[in-house]
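This is what each chain is made of:
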Amino acid sequence: MSETDESIGSGFPHCIHADSALAGRGAAEAGAWFEQAMPSLEPALLRVGALLFRGFPLREAEDFRRVVSAMAPQLHGYAGGTSPRSQVAEGIYTSTEYPKQLEIPLHNEMSYSVRWPQRLYFFCATAPQTGGETPLADSRRILQSMPAPIVEEFERRQLMYVRNLAPAQSRYNAWSKAFETQDREQVEAYCRDMDIGCEWQPGGGLRIHERRPPTRLHPLTGERVWFNQVHLFHASNTPMASAVDARIEAGLPMAAYYGDGGRIDNATLASVREVLRVQRRTFRWQQGDLLAVDNVLAAHGRLPFDGPRRILVAMS
């Protein structure tokens, strides 16, 4: 472990190194090790929120799939997700395919949904040369550090996430891509099951809205955590934020409001982002790294980068 890597050295994420015997073996042996070891590592993951496995014999997407299947036999799909990503294998996706010069803010995966993945698994297939870190933040500490008036107002009024999805054949932001189907009836059935309001738009687009709480209780530890994506959905997260008015905001791909439909002012979101900035921790990816994240206890994001970068993700 690097002595200069502050995030690993401080234990968040907690780094676990393969011993020399295991490091020289193959992915099958690594899969057996993870299947046997993860039950005993569960308390550490619940305590810290993220575990970084380094030096294990993992080189390709198939190695990652094998190990993840050993840890989590049932993987979570990405139907209803907001991020552009490609499916590499069953249950294995690329990380968000946003332009490399953009930062992806810290967030808990699918926290806008009633059904989110409990665990996330990231695999470094190609380490970025410059930048490209996957920052993490402890969701418990975020809540503790958030200004009390903001937490109280969000709790009282709840949050509303709105998405305007493009027609099925669109190259970007198509509802068929988001819901992994081109069948309108399947989309409507999914929305009913997931408590999502939806309205088909003239021209074939789809507008959806979801009313959710800003915090959650961890299902195993009972700890209350900050668990939302209001700062990511909000209009102030767009490059044209200063020019956004209510009419323009209504047509953005994503927007966030109070649960009663009221607008959330930019100053409130600036305070939220400042807490996230202070709580953010980073580490440098190395080839073959595997990062296991408790999606409720820890938020994650992505920093801008140069050169090639390939991080794969699975959810359970």
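The shown structure was predicted, so the numbers you read here are calculated from the model rather than taken from an experiment. (Residues numbered from 1 in each chain as written. Predicted model: local features only at pLDDT ≥ 70, side-chain atom pairs only at ≥ 80, totals over all residues. Heavy atoms only, no water.)

A. Spatial organisation of the sheet that holds strand E14 (residues 254–258). Strands sit in the order E10-E11-E9-E14 across an open sheet of 4 strands; the sheet is antiparallel. Each of the sheet's edge strands pairs with one partner strand only, and the pair in question is strand E10 (197–200) and E14. The average undirected angle you get between the axes of adjacent strands in this sheet is 15°. Both strand E9 (residues 159–165) and strand E11 (residues 206–212) contribute to a ladder of 7 bridges, which runs antiparallel. When the bridges of E11 are listed, Arg 163 appears paired with Ile 208. In the packing of helix H6 (residues 148–157) onto the sheet, the strands contacted are E9, E11 and E14, and the crossing angle to E14 comes to about 95°. (Pairing = 2+ DSSP bridges. Helix = DSSP H or I, 4+ residues; strand = E, 2+ residues; numbered from the N terminus. Axes fitted to C-alpha atoms, helices over the stretch in contact; angles between N-to-C directions. Contact = heavy atoms within 4.5 Å.)

B. The arrangement of the sheet that holds strand E5 (residues 104–107) in detail. Within the open sheet, the 3 strands sit side by side as E5-E16-E8. Their pairing is antiparallel. Two strands lie at the open edges of the sheet, namely E5 and strand E8 (136–138), each paired on one side alone. Strand-to-strand twist across the sheet, computed as the mean angle between neighbouring axes with direction ignored, equals 15°. When E5 meets strand E16 (residues 298–302), the two strands line up antiparallel, connected through 2 bridges. Across the sheet, the residue bridging to His 107 is His 300, located in E16.

Spatial relationships are all this shows, so hold off on functional conclusions.
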